[in-house]
Amino acid sequence: MGTISKNFSYREFEESKTAKEKGIVNVITSFEVRDAVRELTVQVLQPLRDAWGQPLKINSGYRCPKLNVAVGGVPTSQHTKGEAADIHADHPVKLAQLAYDLGLPFDQMIIYPTFVHFSHKLHGAQRHQVLYNKSYRGRHINQNK
């Protein structure tokens, strides 16, 4: 499919170590998913990348239903709709704080020990939820700014 923005491509969203290992073909096959990936990138990820000033690596982007099952994702995962991406970060809380401070239109931002999950709904209002995975033990972001 090609480039989405100056720093992101559809291929990055389709890449999956698990898919390769299990022989799962994980490709975006619908316009709806393609549009959702584009909106997540344009509205959230590219502005975050611009402000962060360093490359952002997608650990997990789009997941076809078979891949979602293979990685233990919930059936309603926004990853299967192209509405979510997990972004690797050495300091996840710093990346999350920046996203929050920028006022990016995320639906959910879930902080994990080594990455931040960002989602953005293609249709409907964004919930702007900041959540913490149960395995995360670090400090929380300041939401009083």
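It should be noted that the structure appears before, not after, this text.
Attention here is on the structure that accompanies the text. Please read all numbers here as calculations on a predicted model, not as lab measurements.

**Re the overall build of the protein**
- Within the protein, the regular secondary structure consists of five helices and five strands.
- Relative to a compact globule of 145 residues, whose C-alpha radius of gyration would be 15 Å, the protein shows 14 Å and is just as compact.
- Seen through its C-alpha atoms, the protein measures out along the principal axes to roughly 45 × 30 × 30 Å.
- When the 145 residues of the protein are sorted by exposure, 45% land in the buried category.
- Partitioning the contacts of the protein with sequence separation of at least 6, the portion at a separation of at least 24 is 60%.
- Of the accessible surface of the protein, which amounts to about 7800 Å², a share of 51% is contributed by carbon and sulfur atoms.
- If you average the places of the 19 positive and of the 13 negative side-chain charges in the protein, the two averages end up 5 Å apart.

**Observations concerning the nonpolar core**
- Within the largest apolar cluster, 35 residues are counted, with the highest numbers of intra-cluster contacts made by Phe 13, Leu 45, Ile 87, Leu 95, Met 109, Phe 118 and Ile 141.
- Looking at this core, the elements with two or more residues in it are helix 1 (10–14), helix 3 (31–52), strand 2 (84–88), helix 5 (92–102), strand 3 (108–111) and strand 4 (115–119).
- In terms of residues, this core owes the most to one element, helix 3, which gives six residues.
- The residues touching Met 109, leaving out its near neighbours within four places in the chain, are Ala 96, Ala 99, Tyr 100, Val 116, His 117, Phe 118, Gln 129, Val 130, Leu 131 and Ile 141.

About the cut-offs
- Residues numbered from 1 in each chain as written.
- Predicted model: local features only at pLDDT ≥ 70, side-chain atom pairs only at ≥ 80, totals over all residues.
- Heavy atoms only, no water.
- Helix = DSSP H or I, 4+ residues; strand = E, 2+ residues; numbered from the N terminus.
- Rg over C-alpha atoms; globule rule 2.2 N^0.38 Å.
- Buried < 20%, exposed > 50% of the residue type's maximum accessible area, 1.4 Å probe, protein only.
- Contact = heavy atoms within 4.5 Å.
- Areas by Shrake-Rupley, 256 points an atom, 1.4 Å probe, with all protein chains shown as cover.
- Lys, Arg positive; Asp, Glu negative; His and termini not counted.
- Charge placed at Lys NZ, Arg CZ, Asp CG, Glu CD.
- Core = buried A, V, L, I, M, F, W, Y, C linked by side-chain atoms within 4.5 Å.

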